[in-house]
Amino acid sequence: FFKQKTAYEIYQCDWSSDVCSSDLGRITFLEWIRGAAAALVALEHVLEYTAPNLLSHVSDVANPGRAGVVAFFLVSGYVIPLSFERQDVRTFLIRRTFRLYPVYWLCLTVAVIALASVGEYSDFNPVVVGLAFLVNLTMLQGLVLLPSLLEPAWTLTIEWVFYFQQIIFKRRSSLDSAWVLGYGWAAAFLLVCGVEQITGIDLPATFALLLAVSCLGHAWARYDRGRMSGRSVLGMGAVVCGVVPLGMLVGIDDWSVERYTLSTYAGIALFAVFWAVRERFESRALVWLGSISYALYLSHGLLLYPLTHAGDLPGSVVLVASVIGMPLLAYALHVWLERPFIERGRRLSKRHLEQPTAPAASAS
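Within each chain, residues carry numbers counting from 1 in the order of the written sequence. Owing to the predicted nature of the model, reporting of local features is limited to residues with pLDDT of at least 70; listing and counting of side-chain atom pairs is limited to 80 or more, with chain, interface and lining totals taken over all residues. The basis for every side-chain value is the complete set of non-hydrogen atoms in the structure, without hydrogens or water.

Describe the confidence of the model for the protein, and please don't skip the residues or the numbers.
Scored by pLDDT, the protein has a mean of 87; 89% of the residues are at 70 or more. pLDDT expresses, on a scale from 0 to 100, how confident the predictor is about each individual residue. We call two residues in contact when some of their heavy atoms are within 4.5 Å. When the criterion is pLDDT under 50, residues 1–26 qualifies, and its contacts beyond four places in sequence or with other chains add up to 54 contacts. When the criterion is pLDDT under 50, residues 354–364 qualifies, and its contacts beyond four places in sequence or with other chains add up to 29 contacts.

How would you summarise empty space enclosed by the protein if you had to cite specific residues and measurements?
Remark: the empty space left among the atoms is shown by a probe the size of a water molecule rolled over them. Cavity and pocket criteria rest on a 1 Å grid covering protein atoms alone: a 1.4 Å probe that fits but cannot get out defines a cavity, protein on both sides within 12 Å along at least 5 of 7 lines defines an open pocket, and an atom within 4 Å of a point defines a lining residue. Grid points are joined across faces, edges and corners, and a volume is the space filled by probe spheres set on the points. Under the definition given, this model contains one cavity of 30 Å³ or more. The wall of the largest cavity is formed by Pro81, Leu82, Glu85, Leu175, Asp176, His218, Ala221, Arg222, Arg225 and Arg227. Here a strand is any run of E in DSSP of at least two residues, a helix any run of H or I of at least four, and the numbering for each starts at the N terminus. Of all the secondary-structure elements, those providing two or more residues to the lining of the largest cavity are helix 4 (64–84) and helix 9 (205–224). Taken together, the residues that form the lining of the largest cavity break down as four nonpolar, one polar and five charged. Residues are sorted three ways: Asp, Glu, Lys and Arg are charged, Ala, Val, Leu, Ile, Met, Phe, Trp, Tyr, Cys and Pro are nonpolar, and all the rest, Gly among them, are polar.

Kindly report on the environment of Arg225, identifying the contributing residues and their values.
Position of Arg225 among the secondary structure elements: in the loop between helix 9 and helix 10 (230–250). In the structure, Arg225 is positioned 143 residues away from Leu82 in sequence and 9.8 Å away in space, judged by C-alpha atoms.

So what about a nonpolar patch on the surface? Which residues, and what values?
A cluster of nonpolar residues, Leu319, Val320, Val323, Ile324 and Leu328, forms a patch on the protein surface that exposes about 450 Å² of accessible area. Following the sequence through the fold, Val320 ends up in helix 14 (residues 315–349). Note on patches: the residues involved have over 30% relative accessible area and no salt bridge, like charges join within 9 Å, and the nonpolar side chains Val, Leu, Ile, Met, Phe, Trp and Tyr join within 5 Å. The Shrake-Rupley method, run with a 1.4 Å probe, gives the accessible areas here. Residue values count only the displayed protein chains as cover. Think of a salt bridge as a Lys or Arg side-chain nitrogen and an Asp or Glu carboxyl oxygen that are within 4 Å of each other.

A description of unusual backbone geometry should follow, citing residues and the corresponding values.
The phi angle at Met139 is positive, at roughly 75 degrees, despite the residue not being glycine. The topology assignment puts Met139 in the loop between helix 6 (126–136) and helix 7 (154–171).

Could you give me a rundown of the packing of aromatic side chains, with the residues and numbers involved?
In this analysis, rings of Phe, Tyr and Trp, with Trp reduced to its six-membered ring, are considered paired at centre separations within 6.5 Å, and the interplanar angle assigns stacked below 30 degrees, edge-to-face beyond 60, and tilted for intermediate values. As enumerated under the stated definition, the model contains 21 aromatic pairs in all. Between Tyr101 and Trp105, the ring centres sit 5.1 Å apart and the planes meet at 45 degrees, which makes this aromatic pair tilted. Here Tyr101 pairs with Trp105, and both are found in helix 5 (residues 89–117), just four residues apart, close to one helical turn. Exposure classes here rest on a 1.4 Å probe applied to the protein chains alone. A residue is buried below 20% of its type maximum, exposed above 50%, and partly exposed in between. Here Trp105 falls in the partly exposed class, since its relative accessible area comes to 40%. For the pair Trp220 and Trp275, a centre-to-centre distance of 5.7 Å together with 65 degrees between the ring planes defines the contact as edge-to-face. Of this pair, Trp220 sits in helix 9 while Trp275 is found in helix 11 (residues 257–276), placing the two residues 55 residues apart along the sequence. Trp275 matches Trp220 in its accessibility class, with the two residues each being buried. Through successive ring pairs, a cluster of aromatic residues spans Phe84, Phe92, Tyr101, Trp105, Trp160, Tyr163 and Phe164. For a ring to carry a charge above it, either NZ of a lysine or CZ of an arginine must fall within 6 Å of the ring centroid while also lying within 35 degrees of the normal to the ring plane. The ring of Trp255 carries Arg66 above its face, with NZ or CZ at 4.4 Å from the centroid.

What follows is the structure, given as structure tokens:
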């Protein structure tokens, strides 16, 4: 199960047979990163209630949740183009829809009902809340500057923008070169930060930065497949890393330059470390966490909220209950909801698969 394979071998297997499309057909180190990233996001939210002083000291250096989010987007940038180049647009959209929406819709609905029941939306017009909920169902609320009613879901709009970018390049038969948009997104990040300085309005500059990070992940995957030189990937990484402190010096984000910059760098470093040891390291725990990472990312707050609002529970009790309960809840969602819908999406889209093409022999 833990034997390392090349990216091409894994993904050729994933589109060749139903057997290979099971959990065995994954690039193991990406599961490690997903598991670690989801754990970091959940840990940050738990520490906000159980050890705020400790979290403050840690976050002054690098925010664990933001580092986890950056690592997630590197993984998406790495894996989505590999998946998409062997699928037509219909297959890709069917599989992504069945993969992402069922768990999200359930967690969103539970969160909204729970918050409404305790009066969290009492100051807002019910019609406005209802419309916001309907828009949130699409995952595209960030495109119309609406808040995410399920707190971690603010990243999902960015994820879909990355998918739309890939679709455009796929239709133009130039998917392999989509990574170059990373330079444009890095420039857009600086531009938005500059507009913040001029207007005094805090804008979602991180939106563009995370898309640049995704493109860096795509370039990384091209290097692993022999389609890009290591120097080119380092150049792309240098641009992405370089714009972060520059943007924060110009912009008006409420994060300090050091905190924002080091948090971003920590996420990239997390990906780089696991990538570097991918042939010498094994972790069953991280593989397991990786398999439930999406459910854990979305659902951990559903357990944390009642734990922190049901009386004055000691921080140690909340911590222990979170460490035990959050993975169990995520596992239940993965087994009973996420995985069945993933398989249903695979079966529904099976007739629309494209034959994989062999990777290029050398980098350019």
